[in-house]
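# Results of the structural survey
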Amino acid sequence: VNDERIQEVVPDVFVGIPYPYDGAMCVVVGSETTLIMDGTSYQDFAKEFVDEVESRTRVQRRLCALTHRHFDHWAGLAAFDESIIAPRETREILDTYDQEWLTTNTTQWIDAGMLETEWLGTPRVRLPDILFDNQVSIDLGGLTVELIHIGGHVTDIAVAWIPERGVLFAADAIGNGRDLYLDESDGPSWIAALERISALPITTVVPGHGPVGDRSLIDAQLESLRTADHDAPRRSA
Ligand SMILES: [Zn+2]
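The present account deals with the structure reproduced in this document. (Residues numbered from 1 in each chain as written. Predicted model: local features only at pLDDT ≥ 70, side-chain atom pairs only at ≥ 80, totals over all residues. Heavy atoms only, no water.)

On to unusual backbone geometry. We note that Tyr-21 has phi near 70°; this positive angle belongs to a residue other than glycine. In this fold, Tyr-21 is placed in the loop between β2 (13–16) and β3 (25–29). The exposure class of Tyr-21 is partly exposed, given its relative accessible area of 28%. (Helix = DSSP H or I, 4+ residues; strand = E, 2+ residues; numbered from the N terminus. Buried < 20%, exposed > 50% of the residue type's maximum accessible area, 1.4 Å probe, protein only.)

See the structure below:
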């Protein structure tokens, strides 16, 4: 995993993006625990990325977190054995994804050029085992990650707020540079959630897709949602 694909956006917060505009993952290194948030589509990428972060920081207790139901955020987490914390609804949905779902969809995405095979491994579902409904605070030692369920993009989606660093890991609540997948989304809920989140003192935004930016990405996403055609077909993200 080279330097184009791994970025320490602020101290102790690393972002991994396997291919431009592909689902992003984030690793937060506290003094006691390392939190792996989302896993991209790619188990082998996720593993190499976390190994690289640990080689630059330290090897210690790990915990995983998942923001929502989409493959390009959860599939790579199968590279790890540690517990996964996620919204309760995300687990309920992942529980319906059987082997047939995996085979049918991944074959279709590969054929359509939407999924690469280099880092994919053999896709399998790892069900989250620590669940929350509205909000949960994770103490990593000196750093806190607040997982906040917001809905909008999909009903189950949560974002992650790291107050000590002013970082919002927005997952697919925010995209940068390309339109996000809207087929399962609720525009008014999404807009209301982003308006609420924007009250936080955010300085860095890690979008679910596209380059890391500042809080202007929140306003750009709001503008895009207010003018979006929710019926137009879009690439899955
Ligand atoms: Zn998504």
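Of all the positions in helix α5 (residues 187–197), only Gly-187, Trp-190, Ile-191, Ala-193, Leu-194 and Ile-197 are classed as buried. Across the axial projection of α5, the buried residues extend over an arc of 165°, all falling on one side. In α5, the exposed residues that point more than 90 degrees away from the buried face are Pro-188 and Arg-196. Packed against the buried residues of α5 are β9 (144–149), β10 (158–162), β11 (167–175) and α6 (216–226). (Arc of directions from axis to C-beta. Contact = heavy atoms within 4.5 Å.)

This brings us to the nonpolar core. Core analysis: the biggest nonpolar cluster contains 30 residues, and Val-27, Ile-36, Phe-49, Phe-71 and Trp-74 have the highest contact counts within it. Looking at this core, the elements that each hand over two or more residues are β3, α1 (43–56), α2 (71–74), β6 (84–87), α3 (88–94) and α4 (99–111). When residues of this core are assigned to their parent elements, the largest contribution, five residues, is made by α1. With residues near it in sequence (within four places) discarded, Ile-36 still touches Met-25, Cys-26, Val-27, Val-50, Arg-62, Leu-63, Cys-64, Ala-65, Leu-77 and Phe-80. Listed in part, the 25 residues of the second largest apolar core include Val-15, Leu-63, Leu-147 and Val-206. (Core = buried A, V, L, I, M, F, W, Y, C linked by side-chain atoms within 4.5 Å.)

Right, let's talk about the sheet that holds β2 for a bit. A sheet is described by the order of its strands in space; here seven strands give the open sequence β1-β2-β3-β4-β5-β6-β7, paired in mixed fashion. In this open sheet, the two edge strands, each paired with only one partner strand, are β1 (6–10) and β7 (130–132). In this sheet, neighbouring strand axes are inclined to one another by 25° on average, regardless of whether the strands run parallel or antiparallel. The pairing of β1 with β2 spans four bridges and is classified as antiparallel. Across the sheet, residue Gln-7 finds its bridge partner in β2, namely Val-15. The strands touched by α1 within the sheet are β1, β2, β3, β4 (33–37) and β5 (61–65), with β3 carrying the most contacts at an inclination of about 25°. (Pairing = 2+ DSSP bridges. Axes fitted to C-alpha atoms, helices over the stretch in contact; angles between N-to-C directions.)

What follows covers the packing of aromatic side chains. Taken as a whole and assessed by the stated rule, the structure comprises 10 aromatic pairs. Ring geometry for Phe-45 against Phe-49: centres 6.0 Å apart, planes inclined by 5°, an arrangement best described as stacked. Highlighted residues: Phe-45 and Phe-49, both in helix α1, separated by four residues, approximately one helical turn. Of the residues examined, Phe-49 reaches a relative accessible area of 0% and is grouped as buried. Their ring planes at 80° and their centres at 6.0 Å tell us that Trp-101 and Trp-109 sit as a pair that is edge-to-face. Given the relative accessible area of 23%, Trp-101 is considered partly exposed. What links up through ring pairs into an aromatic cluster is the set Tyr-19, Tyr-42, Phe-45, Phe-49 and Trp-119. (Phe/Tyr/Trp six-rings, centres within 6.5 Å; stacked < 30°, edge-to-face > 60°.)

A few words on the environment of Glu-195. Mapped onto the elements of the fold, Glu-195 is located in helix α5. Glu-195 sits in the partly exposed class, given a relative accessible area of 40%. Once you skip the residues sitting within four places of it in the chain, Glu-195 turns out to touch Leu-222 and Arg-226.

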